[in-house]
Amino acid sequence: MKLRIQNGRLIDPSQDIDAVKDLFVDNQKIVAIGEAPEGFEDAEVVDASGQWVLPGLVDLAVSLREPGLTQKGNIATEGRAAVSGGITTLVCPPDTRPIVDTAAVAALIQDKADEAGMANVFPLGALTQGLEGAQLSNMVALTDAGCIALSNHRHPMVSTKVLSRALEYAATHDLLVVFHPDESSLSEGGCAHEGLMSTMHGLQGIPEEAETIALMRDLLLVEKTGVRAHFARLSCAKSVEMIADAKASGLDVTADVAVHNLLLNDQVLSRFDGHYHVLPPLRSDEDRLTLIEGLKAGVISAICSDHQPHEKMAKIAPFAATEPGMANVEILLPLTMQLMDEGDLDFSTVLTCLTSGPAACFGLEAGSLSVGSFADFILFDSTARWTWSYEGRKTRGHNSPYFGDELVGRVTSTYISGQRVYQTV
């Protein structure tokens, strides 16, 4: 099907484009920008006047909960939530039940995603069998089955020796490894940033050193083995400095940050609200501001939702007893745009960290409106003011502190391979 998106403000930082231009789609791909290609006739015309035409967003951290945890969400519901937020490509973690440590589970997730017909889904494979940190998984088989990288998620390794062997194997086969730097002996039992607020409210803290000690170890092993590495969900100012130094020394490393760690700090602990219980925890405002500086400097390449939907009961308990995580995938873009007000970020930087930046981290052909790429794009009303209501949510998750908040900017349509998969009513 041929499609012409006309009169919209087309913004694509990967091509340094920000202008009112028409977009032309044929046979699932973008075939031209600006002027229609020769012979382009009988196209469906979409008038995007007053809207922005943006590349589809790429989210590196969306828990789909299927298989095994469907009381929290499933591939269809969370895929629907993702596309309603303009996310056309997403990466899901390996901590399903069963774990993504066999080709069969990886294939099941992708088959379910194809059946749902929503976002493009790329699973992470488990670095070790059962994420138990002892025996290496069949990494090559997982990659052949469609896993885009390997990770032990937030599960500890039995020993540094096992981790070193895993990285040596991954490096031999040029596989990407995703790290969640965490020294479990320091973080175990913790639920909040270790500092004045956690002490005042009687919450067991997680020190910054739980992240930075693990990060230093991991970087040394990356240097030793030569493995390609991505560091997920950074939360500390010191971590930004360490990644910057690693990049400067020539290591092949990238990093991302969750949107809530950019917007919130540990002062919210005074609310005793389990919706703010996340891992890694919300840290000090100094940490938060340094993470933003890391984005501006290009040290951190991607902003993700770290979407973790939960059933209602998972958050109805004292703070420390609640399950960690927020369900914000469908409001990722308007949340991230709030950084423009307080973080001195321009929209080009924000959009890059949601599109071509994360795509480059994982080697995905996504996040761009370049001619020849698949026509994954969104129409966005940058001035729309709307309230994200609990009743109107698309996710099955009940856990977000942003329900009832007025947001600025709303995705009005989402297209994948030239087909509209979502439109606001």
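Where an unreviewed UniProt entry is consulted, the protein chain appears under the name Dihydroorotase, with the organism given as Marinomonas rhizomae.

Draft legend 1. View of the state of the cysteines. One pass over the structure, following the stated rule, counts zero disulfides. The thiol of C236 is not disulfide-bonded; the next cysteine sulfur, from C304, is found 15 Å away. Its sulfur unpaired, C353 is 9.0 Å from the next cysteine sulfur, which belongs to C361. C353 sits in the buried class, given a relative accessible area of 5%.

Draft legend 2. Summary view of the packing of aromatic side chains. The final tally for this structure, using the stated rule, is seven aromatic pairs. Residues Y390 and F403 carry aromatic rings whose centres are separated by 5.4 Å and whose planes lie at 90° to one another, so their mutual orientation is edge-to-face. On the criterion of sequence distance, the pair formed by Y390 in the loop between strand 18 (377-387) and strand 19 (406-416) and F403 in the loop between strand 18 and strand 19 is long-range, its members being 13 residues apart. For F403, a relative accessible area of 18% puts it in the buried group. Among the aromatic residues, those joined into a ring-pair cluster are W52, F347 and F380. Above the ring of F40, the side-chain terminus of K2 is found at 5.5 Å from the ring centroid. Of note, K29 hangs over the ring of F374, and the distance from its end group to the ring centre comes to 4.9 Å.

Analysis parameters
- Sequence order sets the numbering: in each chain, residues are counted from 1 along the sequence as written.
- pLDDT decides what is reported in this predicted model: residues at 70 or higher carry local features, side-chain atom pairs at 80 or more are listed and counted, and totals for whole chains, interfaces and linings draw on all residues regardless.
- Neither water nor hydrogens contribute to the side-chain values; these are computed over all heavy atoms in the structure.
- Our working definition of a disulfide is a cysteine sulfur pair at a distance within 2.5 Å.
- For the exposure calls, accessible area comes from a 1.4 Å probe over protein chains only, and a residue counts as buried if that area is under 20% of its type's maximum, exposed if over 50%, partly exposed in between.
- Two aromatic rings, drawn from Phe, Tyr or Trp (for Trp, its six-membered ring), form a pair once their centres lie within 6.5 Å of each other, and the interplanar angle then sorts them: stacked below 30 degrees, edge-to-face above 60, tilted otherwise.
- Each helix is a run of H or I in the DSSP string that is no shorter than four residues. Each strand is a run of E no shorter than two, and both are numbered from the N terminus.
- Working rule: Lys NZ or Arg CZ, within 6 Å of ring centre, within 35 degrees of ring normal, means a charge sits over the ring.

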